[in-house]
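Below, each chain spelled out in residue letters.
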Amino acid sequence: MTDPTQTFQLSVEAAEAYEARFVPALFAEWAPYLVEAAGVAPGQTVLDVACGTGVVARTAADRMGGRGRVAGVDLNEGMLAVAGRLRPDIEWHRADAAELPFPDRSFDAVLCQSALMFFPERVRALGEMARVAAAGGTVAVQVWDRLEAQAGYGAMYDAFARHLGPEAADLDGAYWALGDLELLGSLFEAAGLHVTGTRTRVGTVRFGSAEEAVATELDATPLGARIDQETRRRVLAAGVQAMGPFVVDGGRVELPIRGHLVTAVAPG
Ligand SMILES: C[S@@+](CC[C@H](N)C(=O)[O-])C[C@H]1O[C@@H](n2cnc3c(N)ncnc32)[C@H](O)[C@@H]1O
């Protein structure tokens, strides 16, 4: 079986924590940029691959103002349960990105945020996105830059690695694995997708406190499920200390995070 840490598999409780804490702090900021990069417009058909709790699909649906079709697909039932509870008006499907359950050329735009790095078969998944995209349609993918380029999460993961060793390396290895734009571009080309645009931007991850920033990283990712309470206490304390330079207004934390947005055109 594939290692759940590397494919970002979560329980329903962790999916609820992901939506309540991680989405507003981090993922919600990026969704409009991805939707914009893909040129999503009213009347289109749009697919959100590895939708998680659905922030990209929701952002696309809101932009489309009820005109068109939006679907989300994810491997994880917990994520899909939360997505369906929040937006019953959107289609949610359980499937592997490497085997999308849609006919060829079904969507004007295919979007994928913060997930390609977790797929064991990345070229195959991009090939599936190309297959279900309309001829000349758009595939838009967001990934994080390399860990070395991440001042905030670099400090946090250094602290994790000191206490957890390979346990932390498993997840951080996946998270930041597609930061190299040349490598990323080569995956697109291998899947038959022609890259038309690349944008790198720095976002801000916002938490109420250093403890919340580190606890979210532990509890709303697969990392938390793999450590005992005593280890969690030690890791939390080390992570909180590492957040020192990112504390603002006497308590809140703002972490810079760099990501790439890549757009490509599907073959005609
Ligand atoms: C970090 S979350 C991102 C979720 C969402 N796109 C967002 O922006 O909030 C990664 C998601 O990838 C999903 N995932 C991982 N491997 C997958 C696969 N092979 N096929 C479909 N979904 C997958 C996980 O279940 C998880 O929901």
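As the structure is a computational prediction, the values presented were derived from the model and not from experiment.

Caption draft 1: Main features of the overall build of the protein chain. If you tally the helices and strands in the protein chain, you get 10 helices and 8 strands. Taken over the C-alpha trace, the protein chain has a radius of gyration of 18 Å; the compact-globule value for 268 residues is 18 Å, and the two agree within 12%. For the C-alpha atoms alone, the extent of the protein chain along its principal axes is close to 55 × 40 × 40 Å. Burial statistics for the protein chain: of 268 residues in total, 55% are counted as buried. Sequence separation of at least 24 residues holds for 79% of the intrachain contacts in the protein chain that already meet a minimum separation of 6. Charge-centre separation for the protein chain: the mean point of 23 positive side chains lies 3 Å from the mean point of 35 negative side chains.

Caption draft 2: Representation of helix 9 (residues 210-219). Counting buried positions along helix 9 gives 7 out of 10 residues, so the element sits mostly inside the fold. Buried residues of helix 9: Ala210, Ala213, Val214, Ala215, Thr216, Glu217 and Leu218, and no others.

Caption draft 3: Focus on the site of the ligand. Close contacts around the ligand come from 21 residues, with Tyr18, Ala50, Asp74, Ala97 and Gln113 the closest. Interatomic distance of 2.8 Å between a backbone N/O atom of Ala50 and a nitrogen atom of the ligand. Considered on its own, the ligand offers 600 Å² of accessible surface; in the complex 99% of this is hidden by protein. Tallied by class, the residues present in the shell around the ligand amount to 13 nonpolar, 6 polar and 2 charged.

Caption draft 4: Highlighting the pattern of salt bridges. Under the counting rule described, the total for this entry stands at 19 salt bridges. Two residues, Glu16 and Arg85, come together in a salt bridge whose shortest N-O distance is 2.8 Å. Within this pair, whereas Glu16 is found in helix 2 (residues 12-37), its partner Arg85 is found in helix 4 (residues 77-86), the two being separated by 69 residues in sequence. When the shortest N-O distance is used, the salt bridge between Arg258 and Asp145 registers 2.9 Å. Residue Arg258 is found in strand 8 (residues 252-265), and its partner Asp145 is found in the loop between strand 5 (133-144) and helix 6 (151-164); the two are separated by 113 residues along the sequence. With a relative accessible area of 2%, Asp145 lands in the buried category. Taken together, the salt bridges that share partners define one network made up of Asp145, Arg146, Glu148 and Arg258.

Caption draft 5: The arrangement of the environment of Gly250 in detail. By the secondary structure assignment, Gly250 is in the loop between strand 7 (247-248) and strand 8. Residue Gly250 is classed as exposed on the basis of its relative accessible area of 82%. When the C-alpha positions of Gly250 and Ser209 are compared, they lie 9.1 Å apart, and in sequence the two are 41 residues distant.

Caption draft 6: Structural detail: the side chain of His260. By the secondary structure assignment, His260 is in strand 8. Classification of His260 by relative accessible area gives buried; the value is 3%. Reaching out from His260, the side chain makes a polar contact with the side chain of Asp145 at a distance of 3.4 Å. Side-chain polar atoms of His260 contact the backbone oxygen of Gly179, separated by 2.7 Å. Each residue touching His260, except ones within four places of it in the same chain, is listed here: Val141, Gln142, Val143, Trp144, Asp145, Leu178, Gly179, Leu181, Arg199 and Thr200.

Caption draft 7: Broad picture of the pairing of strand 3 (residues 91-94). In the sheet, strand 2 (residues 69-74) pairs with strand 3 via 4 bridges, with the strands oriented parallel. Residue pairing for strand 3: Val73 is matched across the bridge by His93.

Caption draft 8: Summary view of the nonpolar core. Counting 98 residues, the largest nonpolar core has Leu47, Val49, Phe119, Met129 and Tyr153 as the members making the most contacts within it. Excluding its chain neighbours within four sequence positions, the residues that come into contact with Met129 are Val49, Leu100, Val110, Cys112, Leu116, Phe119, Val139 and Val141.

Caption draft 9: Up close: the side chain of Gln44. Within the secondary structure layout, Gln44 lies in the loop between helix 2 and strand 1 (45-49). A polar contact of 3.1 Å, which involves the side chain of Gln44, links it to the backbone nitrogen of Ala41. When residues no more than four places from it in sequence are discounted, the contact partners of Gln44 are Gly39, Met64, Arg67, Gly68, Arg69 and Asp108.

Caption draft 10: Summary view of the pairing of strand 1. With 5 of 5 residues buried, strand 1 is to be regarded as a mostly interior element. Here strand 1 shows two buried faces, one formed by Thr45, Leu47 and Val49 and the other by Val46 and Asp48. As paired strands, strand 1 and strand 2 are joined by 5 bridges and run parallel to one another. Note on strand 2: the bridge partner recorded for Val46 is Val70.

Rules used in this analysis
- Residues numbered from 1 in each chain as written.
- Predicted model: local features only at pLDDT ≥ 70, side-chain atom pairs only at ≥ 80, totals over all residues.
- Heavy atoms only, no water.
- Helix = DSSP H or I, 4+ residues; strand = E, 2+ residues; numbered from the N terminus.
- Rg over C-alpha atoms; globule rule 2.2 N^0.38 Å.
- Buried < 20%, exposed > 50% of the residue type's maximum accessible area, 1.4 Å probe, protein only.
- Contact = heavy atoms within 4.5 Å.
- Lys, Arg positive; Asp, Glu negative; His and termini not counted.
- Charge placed at Lys NZ, Arg CZ, Asp CG, Glu CD.
- Near = heavy atom within 4 Å.
- Polar contact = N/O pair within 3.5 Å; in protein donor to acceptor, adjacent residues only side chain to side chain.
- Areas by Shrake-Rupley, 256 points an atom, 1.4 Å probe, with all protein chains shown as cover.
- Nonpolar A, V, L, I, M, F, W, Y, C, P; charged D, E, K, R; others polar.
- Salt bridge = Lys/Arg side-chain N within 4 Å of Asp/Glu carboxyl O.
- Pairing = 2+ DSSP bridges.
- Core = buried A, V, L, I, M, F, W, Y, C linked by side-chain atoms within 4.5 Å.

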